[in-house]
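Each chain is listed here by its residues.
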Amino acid sequence: MEVLRTGVIGAGRIGKIHGENIARFIPQSRLEGLADIHLGAEQEAWARGLGARIVSKEPEELLADPAIDAVIICSSTDTHADFIIAAAGAGKQVFCEKPIDLSAAKVRTALEAVKNAGVKLQIGFNRRFDHNFRRIREHTLAGEIGQVQVVKITSRDPAPPSPAYVAASGGIFIDMMIHDFDMARFQAGSEITEVYAAGAVLVDPEIGRAGDIDTAMVTLRFASGAIGVIDNSRKAVYGYDQRVEVFGSRGAALAENDLPNTVKLYTEDAVTGEKPLYFFLERYRQAFVDEMISFTESILHNKSVAVSGEDGLENMYAALAAGKSLKEKRPVLIDEVRV
């Protein structure tokens, strides 16, 4: 196989990102088809313009087409696991956006289907491919930081989602902080064993009425003995705040926010510079390309995927433990939610 022939399920914001990247920036992959149950004329024209051979309202058409090697699942969260199971049954390689499902039991069922089918599954935790965060991990692996002792992650959105979105999202820990649980595991090189969460509604009362919080702080313990801390907010007025620090026995590595430019203006009144890039579409543009290149190469060269279904499950356990901790106001062991 010299070119991976792919089909994308879901033509929303993230589906369009992956479709564009496959068609325009990844020569080892070809966009063969796109399916979305809500497909409209504009989406169809977009997909045809990218060279898609199949454009349909029926995802099953992609799964049934023998010319398609892999599917990219970008549909709503409640359909992810079912599409993984169906794709594995059809012998397709699978890339799926996070989370796999809102239920750990359903996630385990999907992973079992993948294992039984002998196909590969990569989960879309794209931040592992960010140039800054990847460089921190490289410093750690090179021994320059020494033994990892503390991982600190700040992740704050520029504006809150709608209450309707919040109500169906699974909550801040599954929808938002799950990325940070993955980053914490990635940077620590160790599994999370305990989670202690605190949270509040400080941004939008409607989020609270939807049954969620909009501000959260979580402390972590890792199997290695290291500790971690994550803070999330649904609204940072200055833009998309994405920072990571890893501190160890020999030093520390810090990743600051990406900016539109690094110019600082010095005047009598102040020293000023740019705000962070506004949101994830701008901040992680190249990371989305790089994660899809990684997935493509893992299939073409029969290598392990960079972010496995098991990673997705471990991140889900951490999110569930955080929710339990918030509710019960106590530290929660990961083993308590492995049921």
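Residues numbered from 1 in each chain as written. Predicted model: local features only at pLDDT ≥ 70, side-chain atom pairs only at ≥ 80, totals over all residues. Heavy atoms only, no water.

A. A look at the overall build of the chain. Broken down by element type, the chain carries 13 helices and 15 strands. Over its C-alpha atoms the chain spans a radius of gyration of 20 Å, differing by no more than 12% from the 20 Å that the globule rule assigns to 339 residues. Overall size of the chain, expressed as C-alpha extent along the three principal axes, is 60 × 55 × 45 Å. In the chain, buried positions account for 53% of the 339 residues. (Helix = DSSP H or I, 4+ residues; strand = E, 2+ residues; numbered from the N terminus. Rg over C-alpha atoms; globule rule 2.2 N^0.38 Å. Buried < 20%, exposed > 50% of the residue type's maximum accessible area, 1.4 Å probe, protein only.)

B. Molecular detail of the environment of Ala252. Checked against the element boundaries, Ala252 lands in strand β12 (residues 252-255). Each C-alpha atom of the pair Ala252 and Gly146 lies 8.7 Å from the other, and the pair is 106 residues apart in sequence. Those residues in contact with Ala252, other than ones at most four positions away along the chain, are Ile145, Glu245, Val246 and Phe247. (Contact = heavy atoms within 4.5 Å.)

C. Region of interest: the pattern of salt bridges. In this structure the tally under the stated criterion is 30 salt bridges. In this structure, Arg5 and Asp69 form a salt bridge, with 2.9 Å as the shortest nitrogen-oxygen distance. Within this pair, whereas Arg5 is found in strand β1 (residues 4-9), its partner Asp69 is found in the loop between α3 (59-64) and β4 (70-73), the two being separated by 64 residues in sequence. We classify Arg5 as partly exposed; its relative accessible area is 27%. Residue Asp182 is joined to Arg128 by a salt bridge in which the shortest nitrogen-to-oxygen separation is 2.8 Å. Residue Asp182 is found in helix α9 (residues 177-188), and its partner Arg128 is found in the loop between β6 (121-123) and α6 (131-141); the two are separated by 54 residues along the sequence. Grouping residues by exposure puts Asp182 and Arg128 together as buried. Connected through salt bridges with shared partners, the residues Arg128, Asp182, Arg185, Glu191 and Asp311 form a single ionic network. (Salt bridge = Lys/Arg side-chain N within 4 Å of Asp/Glu carboxyl O.)

D. Region of interest: the nonpolar core. Grouped together as the largest cluster of nonpolar side chains are 97 residues, with contacts concentrated most on Ile84, Phe173, Phe181 and Leu220. Apart from the residues lying within four places of it in its own chain, the contact partners of Ile84 are Ile73, Val94, Cys96, Ile100, Ala110, Val114 and Leu121. (Core = buried A, V, L, I, M, F, W, Y, C linked by side-chain atoms within 4.5 Å.)

E. Just the sheet that holds β6, in detail. Sheet architecture is open: 6 strands sit in the order β3-β2-β1-β4-β5-β6, paired in parallel fashion. Every other strand in the sheet has two partners, leaving β3 (54-56) and β6 as the edge strands with one partner each. Direction aside, the axes of adjacent strands within the sheet are offset by 20 degrees on average. One ladder, built from 3 bridges, connects strand β5 (residues 93-96) with β6; its direction is parallel. Bridge pairing links Val94 to Leu121 in β6. Of the strands in this sheet, β1, β4, β5 and β6 touch helix α4 (residues 77-89), which is tilted by about 170 degrees from β5. (Pairing = 2+ DSSP bridges. Axes fitted to C-alpha atoms, helices over the stretch in contact; angles between N-to-C directions.)

F. Focus on the packing of α9 against helix α13 (residues 309-328). The geometry of α9 relative to α13 is characterised by a closest axis approach of 9 Å and an angle of 120 degrees between their N-to-C directions. In the crossing of α9 with α13, the sense of the turn from one axis to the other is right-handed. Residues Ile178, Phe181, Asp182 and Arg185 of α9 touch α13, and the partners they reach there are Asp311, Glu314, Asn315, Met316, Ala318, Ala319 and Ala322. (Left-handed = near helix turned anticlockwise from the far one by under 90°.)

G. Looking closely at the side chain of Gln93. Looking at the secondary structure, you find Gln93 in strand β5. By relative accessible area, Gln93 is classed as buried at 17%. Sequence-distant contacts of Gln93, defined by excluding residues within four places in its chain, comprise Asp69, Ala70, Val71, Val119, Lys120, Phe295 and Ile299.

H. How the structure looks around helix α1 (residues 13-25). The end-to-end C-alpha separation of α1 is 18 Å, in line with the 18 Å expected for 13 residues at 1.5 Å each. Listed in full, the buried residues belonging to α1 are Ile14, Gly15, Ile17, His18, Gly19, Asn21 and Ile22. (Expected span 1.5 Å × (residues − 1).)

I. Here's a closer look at the packing of aromatic side chains. Inspection of the entire model under this criterion finds 7 aromatic pairs. Seen in terms of ring centroids, Tyr278 and Phe279 are 6.3 Å apart; in terms of plane orientation they differ by 70 degrees. Their pairing is edge-to-face. Through successive ring pairs, a cluster of aromatic residues spans Phe133, Tyr240, Tyr278, Phe279, Phe280, Tyr284 and Phe288. Cation over ring: Lys16 sits above Trp46, and NZ or CZ is 6.0 Å from the ring centre. Positioned above the aromatic ring of Phe133 is the side chain of Arg283, whose terminal nitrogen or guanidinium carbon lies 5.3 Å from the ring centre. (Phe/Tyr/Trp six-rings, centres within 6.5 Å; stacked < 30°, edge-to-face > 60°. Lys NZ or Arg CZ within 6 Å of the ring centre and 35° of its normal.)

J. Representation of the sheet that holds strand β8 (residues 192-200) in the model. Across the sheet, which stays open at both edges, the 7 strands sit in the order β12-β11-β7-β10-β9-β8-β15 with mixed pairing between neighbours. What marks the edges here is a single partner per strand, and that holds for β12 and β15 (332-333). Across 4 bridges, strand β11 (residues 241-248) lies against β12 in antiparallel orientation. Looking at β12, one finds that Phe247 is bridged to Ala252. Contacts from α9 reach β7 (148-156), β8, β9 (215-222), β10 (227-233) and β11 within the one sheet, and its direction differs from that of β7 by about 155 degrees.

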